[in-house]
Amino acid sequence: MIFRIAWRNIWRSPLRSWVVIVAIAMGVWAVIFLMGFSIGMGNSYVVSAIRLEVSHIQLHHPEYLKDFDVRYYIERADTLAREVAQEAGVRHVSPRTLVHGMVATARGSRALRVRGIDPQAEAAISQLDAKLVEGAYLPQGKRHAIYMGKKLAERLGVRLRSRVVLTFQDIDGHITSAAFRVAGLFDTNNNAFEESTALVRREVLNEILGYTGIAHEVAVLLDDAALADTVAARLQARFPQLDVQTYVQRSPEIRLFESQISTSVYIIMVIVMLGLIFGIINTMLMAVLERVRELGMLMAIGMNRFRIFAMIVLETVMLGVVGTPMGIALGAVMIQWFQIHGLDLSHYAQEGLAEFGISAIIYPDVYPGMYVELAIAVFITAMLGSIYPALKAIHLRPVEALRKI
Amino acid sequence: METLIVLAWRNIWRNKRRTLITAASIFFAVLLSTLMVSIQKGAWDRMEENVVNYYFGYVQIHAKGYWQDRSLDLTFAAVDSLLQLPQWVSGVAVAVPRIESFALAAHADNTTGVMVVGIDPVREHEMTRLRERMVAGTYFDHVREPALLLADGVAQRLNATVGDTVVLLSQGYHGVNAAGKYAVKGLVHFASPDLNRQMVYLPLAVARYFYGADSLLTSIALKVTDKDKVPQVLAQLRQQLDTTRYEVMDWHEMMPELVEARAVDTAGNYLMLLILYLIVSFGIFGTILMMTAERTYEFGVLLAIGMKRIQLSVEVWLEILFIALLGTLAGFVASFPVVYYFHRHPIDFSSSKEIAETYAQFGFEPIFPAAFEPFVFLSQALVVLCITTLLALYPFWKIARLDPVKAMRH
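What you see is a predicted model; the values in this text were computed from it and never measured.

Scoring rules and cut-offs
Residues numbered from 1 in each chain as written. Chains lettered and ligands numbered in written order. Predicted model: local features only at pLDDT ≥ 70, side-chain atom pairs only at ≥ 80, totals over all residues. Helix = DSSP H or I, 4+ residues; strand = E, 2+ residues; numbered from the N terminus. Rg over C-alpha atoms; globule rule 2.2 N^0.38 Å. Buried ≥ 20, exposed ≤ 12 C-beta atoms within 10 Å, placed from the backbone. Contact = placed C-beta atoms within 7 Å. Domains from an automatic or database assignment. Nonpolar A, V, L, I, M, F, W, Y, C, P; charged D, E, K, R; others polar. Arc of directions from axis to C-beta. Axes fitted to C-alpha atoms, helices over the stretch in contact; angles between N-to-C directions. Parallel < 35°, antiparallel > 145°, perpendicular 65-115°, else oblique.

### Considering the overall build of chain A
On a plain count of helices and strands, chain A comes out with 16 helices and twelve strands. Its C-alpha radius of gyration of 31 Å places chain A more than 25% over the 22 Å reference for a compact globule of 405 residues. For chain A, the spread of C-alpha atoms along the three principal axes comes to 100 × 45 × 30 Å. Taken over 405 residues, chain A has a buried fraction of 48%. A separation of at least 24 residues holds for 81% of the contacts in chain A among residues at least 6 apart in sequence.

Below you can see the structure in the form of structure tokens.
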């Protein structure tokens, strides 16, 4: 019966109740918005890092990762790649020859990391062929083609068909140079990658290094990121002479970044709930103080204090129960819409986001149980907010209360 | 008007609890906003300082078109009038000449790409305090010394220390081969992780010889004593220099991506604060609603005895304002010591290597000071002022429609 009384009490002052309900709905909606887009941005960064840099699993010579020394290569990399591809859970494999050196053009020179790849294998993992904006992605027949970021080309002052000279230390320790021609340009919205890395054909790079069939890195993309640990363990057991690492081991920053995002997401929730609680306390306090006479009477005719406390708490919780679904509905609709269309920030923040390695079109994402957690948060907030007003209500003395006008 | 102010002040204390709770919600919002904005501003300001003061400078002069290409071919002659710039441009303390370009540095079996900068040791130190940031070895003694200074990140990559020989290879002026062997005279530390991974210094004359670029410079960086004078300096230089031969750029023009990155981060923060204020506004609106509803009788009486509607509306607006100001002031007073503390003792994550590396990826030190500036505090007050004025429209509207007779029957 207290439920029915509480419910009816709320609607005795519709305007006041609606203010709180709408505030709660707005709060919930806002939290869904902020959380969804924060997670979306985080995903964008992680996906980009996995595709372009660390993949799900990578295999190297055990000494390679210390200094990225070109002498620590993997032999017979093509055979290895085939064997790795046969493992359950592996979707794509790409062997890469890596060289750190200098690129020089008629106008200038820069440090550059050159990645020698097998075009199709690499495209499957990094999808860089899809990011083509000019020219072609390492076309057949052009052995000394180089595929670089548009940003890098701008910095170097080169265009399609410009000639660039790569200088680096080969496996025998000699400084060697090779000329390439810019055959294609890509745009990834990840400045750090674009300005530091360019792609050439692996067989050509190996030839220049003087060793055939080698690679420095075998990149592996799995069907599902969650399989990384198990597949890596299997690969390590199968190839004990190599160093097998998951993306988490390779780049602990990714894990840290993800956990920072999730921490900030919870902080958002707490801050918004705290903002709401003041309004709730105020409103319910007013609701109690307005009804001093009525409460006095109820107590005088025998309603015990526990029931009165519960009634006030229930009234508050019910306001939350009405407001939360509204907020969640609004939020869910918005997230659905943006998941299809994306939030396009390219007019305002393309370069700024590219500095962080985040794509300019953001797709929000929710984690399973997010809505439930949010509902629970509102419930707790409402309960906590109702404590002070409810305490005030039960501390009224019926005799004095009845005398109030 | 004075009466209205006194009335308003007394009225808000008629219901102490409600006033205090409403003020508390504003106090919370102001405290949080001030803290968040201060820390975010502090972190970005520091990042800018680390990069600007310790290397780029706020203003640079180049040959026209140089910044777009960074090509050694776009160099200019080091004329005296440019080197004596501080004498004829006010606000500039030092003109720092440099010649810089990329090179491959090698030591034993290690190679890495670096930025080789030819510097005037005395002037460079005046702007960037380079000598003070040495962590090993000694600074250049004279301009022709065939030695180099390495940033300690570079030294790590090359596995080199003071006394080792490093080979530099590059492409010089007009495409000549640039090759040289130099002893490491000292190591320098940069707070900016990006700079720490790349910088190698040579004395100006030695660098010019290395690049085959006699008496040429790629840039002159200017030390501007007061950040706010930068626009003036820019304007004066653009007027007095031949802009077909030279370009004058400030920090924002040289690194637009960083400026935008900062804007994005700031915008995200502000969005969250906006939402917080929105919710707090609902709370205030609830209070206003209650205030107006419970005093309908009183308003009716006041209007009946001759108070003008506009006066009553202003009085109610003042009440809301006072409550808001109470909360805002309390918020400031509480935030002052906290912001000041983090201003002097920045939040420091450098003990955690992982966190430091994560931030290093984005070019940040893992140290976050809070910016202690009036702007941050005052802008909060302004926001609160605007919100309350907007919300006061409701009682304004209500009072305008009030019928005293009906109201007195309430």
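Structure shown, so let's carry the discussion forward.
### Observations regarding the overall build of chain B
Per the secondary structure count, chain B includes 18 helices and 14 strands. For chain B, the C-alpha radius of gyration of 31 Å lies well beyond 22 Å, the compact-globule estimate for 410 residues. Viewed in the frame of its principal axes, chain B has a C-alpha envelope of about 100 × 50 × 30 Å.

### A closer look at the interface of chain A and chain B
On the chain B side, the residues contacting the 53 residues of chain A number 53 residues. Counting residues per element, the ones that place at least two in the side of chain A that touches chain B are helix H2 (14-54), strand E2 (90-104), strand E3 (109-117), strand E6 (163-169), helix H11 (252-290) and helix H14 (346-356) of chain A. The biggest single contributor to the side of chain A that touches chain B is H11 of chain A, with 17 residues.

### Here's the deal with the environment of Ala95 of chain B
Residue and element names in this part refer to chain B. Summarising the element assignment, Ala95 is placed in strand E3 (residues 92-107). Residue classification places Ala95 among the buried residues on the basis of 23 C-beta atoms within 10 Å. Residues within four places of Ala95 in sequence aside, it is in contact with Leu82, Leu83, Leu85, Pro86, Ile220 and Leu222.

### Considering the environment of Ser25 of chain B
Considering the arrangement of structural elements, one finds Ser25 of chain B in helix H2 (residues 16-56). Using a count of 28 C-beta atoms within 10 Å as the deciding quantity, one classes Ser25 of chain B as buried. For the pair Ser25 of chain B and Asp120 of chain B, spaced 95 residues apart in the sequence, the C-alpha separation amounts to 57 Å. Sequence-distant contacts of Ser25 of chain B, defined by excluding residues within four places in its chain, comprise Phe278 and Gly279 of chain A together with Val280, Gly283 and Gly327 of chain B.

### Details of the domain arrangement of chain A
All names here are of chain A. Taken domain by domain, chain A comprises domain 1 (2-49 + 255-403) and domain 2 (62-241). When each unit is reduced to the centre of its C-alpha atoms, the spacing between domain 1 and domain 2 is 50 Å. Each partner contributes to the interface: domain 1 provides seven residues, whereas domain 2 provides four residues. No other element matches H14, which puts three residues into the side of domain 1 that touches domain 2.

### Side note on the environment of Ala371 of chain B
Residues and elements named next belong to chain B. Residue position: Ala371 is located in the loop between strand E14 (367-368) and helix H16 (374-391). Along the chain, Ala371 and Val188 lie 183 residues apart, while their C-alpha atoms are 27 Å from each other. Filtering out sequence-adjacent residues up to four positions away, Ala371 remains in contact with Ser38, Lys41, Gly42, Asp45 and Val376.

### Focus: the domain arrangement of chain B
How big an interface is tends to be stated in terms of accessible area lost as the parts join. All names here are of chain B. Each assigned domain of chain B is listed here: domain 1 (2-51 + 258-408) and domain 2 (65-242). Listed per partner, the contact involves five residues of domain 1 and five residues of domain 2. The class makeup of the residues in the side of domain 1 that touches domain 2 is two nonpolar, two polar and one charged.

### Brief notes about helix H12 (residues 292-300) of chain A
Residues and elements named next belong to chain A. Those residues of H12 lying buried are Leu295, Leu298 and Met299. Down the axis of H12, the buried side of the element spans an arc of 95°, and every buried residue falls inside it. Exposed side of H12, more than 90 degrees from the buried face: Glu294 and Ala300 are the residues found there. Its buried side turned inward, H12 meets helix H13 (305-341), helix H15 (370-394) and helix H16 (398-403). Of the residues flanking the end of H12, it is Gly302, one or two places downstream, whose phi is positive at about 115°.

### Comments concerning the packing of H2 of chain A against H11 of chain A
Residues and elements named next belong to chain A. The interhelical angle for the contact between H2 and H11, taken along N-to-C directions, is 175°, at an axis separation of 10 Å. Judged by the inter-axis angle, H2 sits roughly antiparallel to H11. Split by residue class, the contact of H2 with H11 holds 20 nonpolar, seven polar and two charged.

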